[in-house]
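Reading the structure
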Amino acid sequence: MNFSSRTIAVFIALLVAAVLTTYARVAPTLPFREAFLGAGIAVAACFLLVYLSFEALLFREINGVYAGLENIKRKEFKKLSNKFLFRPEPVKRVRDEILQMAERRQQELDELVRLQALRREFLADVSHELKTPLFAAQGFVHTILDDEDDDIDLATRRKFLRKAAASLDTLDALVQDLVTIAQLEKGVVRMRRQRFDLIVLVREIFELLEQQADRRGTHLELFPPGLPATGLPVIADRNRIRQVLINLIDNAIKYGRDNGRVVVSLIEGGRSVRIAVRDDGAGIAPEHQSRIFERFYRIDKSRSRDSGGSGLGLAISKHIVEAHKSTIHVKSTVGEGTTLEFKLNKPKTGPVGGAA
């Protein structure tokens, strides 16, 4: 039976009072030996009651605390108390608080372990991404410097120097992307919001990526059909949104099907415009969808930089969109394609500017 501390206290008080009252009534008529024996029995009874109450209220709860801590060590949180409700018993409150604290600490430790794993993964990725173009440029330059007998003709030297320069340009772009992400995360990059025409910007990006799309036979489409050349103003940092759209459309071309379609949808709704970039590629499995915006994260680890990029484009895009008080959402089905979408606010009034 599970008695509360108040119940046991009342029971002990009543029983002791009854024993003492009875003893007081019969003690004067009893000889000394029987009176001493009765007192001994009363003391023994009180001792047993107090001992049992401590056993029930303290030792049982302490054992429960130890059992709970053992469950936490094994991460078996389901075996703990279902709800930590307020109880008047102080020992039970201590037990509940200890279990709550231990569970929180375990969760914090698990999160630290996860972050440590991500940090190691990031350091390994950034080291690989930095050393690849660096070693390539170093190899071309040293090949020319080590040619003491002039075995390499002028045309080959120029070719090697161009390749070294291209590798260094890649390295510089990677470093600039890392700096951009660091600045965006710290909030030191301020979005220069202005009014511009979104249709004009998307058509400008289509022209920029037209040759890349042609090489894969990808058809770039603007939805809904029949959109005018201009007439869809938004308020945002035009250069940053241009960077986001280039990243999203470039990824859609790379990961879409050969001879497929990349559709950019511009849907007005209330005070905002929803921008969605859809491809018809292999799609993204659910376990990867929450990680594609991490720095250097690649779904296909075997892809090279040339085919898959450095893995920073989506991370930068995520920070830029969030700086505009919006969020990039992923909708993807394996085998059917992927859609990435976000929203931008529409202006209230005034002429359209910054569309050139």
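The numbers attached to residues start from 1 for each chain and follow its sequence in the written order. Per-residue local features are limited, in this predicted model, to residues with pLDDT of at least 70; the limit for side-chain atom pairs, both in listing and counting, is 80 or more; totals at the level of whole chains, interfaces and linings are taken over all residues. As a rule here, side-chain values come from all non-hydrogen atoms in the structure, and water together with hydrogens is ignored.

**Section: a nonpolar patch on the surface**
Test applied: Note on patches: the residues involved have over 30% relative accessible area and no salt bridge, like charges join within 9 Å, and the nonpolar side chains Val, Leu, Ile, Met, Phe, Trp and Tyr join within 5 Å. Under the convention used here, a 1.4 Å probe and the Shrake-Rupley method define accessible areas, while residue burial counts only the protein chains that appear. Salt bridges are counted wherever a side-chain nitrogen of Lys or Arg sits within 4 Å of a carboxyl oxygen of Asp or Glu. Working definition: with a 1.4 Å probe on protein chains only, accessible area under 20% of the residue-type maximum means buried, over 50% means exposed, and in between means partly exposed.
Together, Leu109, Leu112 and Leu115 give the surface a local cluster of nonpolar side chains, amounting to about 290 Å² of exposed area. Classification of Leu115 as partly exposed rests on a relative accessible area of 41%.

**Quick look at the pairing of strand S6 (residues 329–333)**
Stated precisely, the cut-off is as follows: DSSP bridges decide pairing: two strands pair if at least two such bridges lie between them. The helix count covers DSSP runs of H or I at least four residues long, the strand count covers runs of E at least two residues long, and both are numbered beginning at the N terminus.
For S6 and strand S7 (residues 337–345), the ladder comprises 5 bridges, and the chain directions are antiparallel. Considered in S7, the bridge of Val330 is made with Leu340. Between S6 and S7, which pair antiparallel in sequence order, lie 3 residues; one of them, Gly335, sits at a positive phi of approximately 90 degrees.

**Some details on the pattern of salt bridges**
For the structure on display, the rule yields 11 salt bridges. Measuring nitrogen to oxygen at the nearest pair gives 3.5 Å for the salt bridge that ties Glu341 to Lys331. A residue pair is termed long-range when its members are at least 10 positions apart, and Glu341 in strand S7 and Lys331 in strand S6 qualify at 10 residues. Given the relative accessible area of 9%, Glu341 is considered buried. Connected through shared salt-bridge partners, Glu204, Arg238 and Arg242 make up one network.

**Some thoughts on the confidence of the model for the chain**
Interpreting fine coordinate detail is not advised for predicted regions of low pLDDT. The condition that has to hold: Confidence of the predictor at the level of single residues is given by pLDDT, which spans 0 to 100. Any pair of residues with heavy atoms lying within 4.5 Å of one another is described as a contacting pair.
Residue-level pLDDT values for the chain average 79, and 70% of them are 70 or greater. Scored below 50 in pLDDT, residues 82–87 shows 9 contacts in the model against residues more than four places distant or in partner chains. For the stretch residues 304–308, pLDDT sits under 50, and the model shows 13 contacts to residues farther than four places along the chain or on other chains.

**Describing the pairing of S7**
For a regular strand, side-chain orientation follows a simple rule: the groups alternate between the two sheet faces. Among the 9 residues of S7, 7 are classified as buried, and the element is accordingly described as predominantly covered. Bridge analysis of strand S5 (residues 272–279) against S7 gives 8 bridges, and the strand direction is antiparallel. Considered in S7, the bridge of Ser272 is made with Asn345.

**What about the environment of Leu222?**
With respect to the helices, strands and loops of the structure, Leu222 is situated in strand S2 (residues 219–223). Along the chain, Leu222 and Val264 lie 42 residues apart, while their C-alpha atoms are 5.0 Å from each other. Setting aside residues up to four positions removed in sequence, Leu222 forms contacts with Ile199, Val202, Arg203, Phe206, Leu227, Val264 and Leu266.

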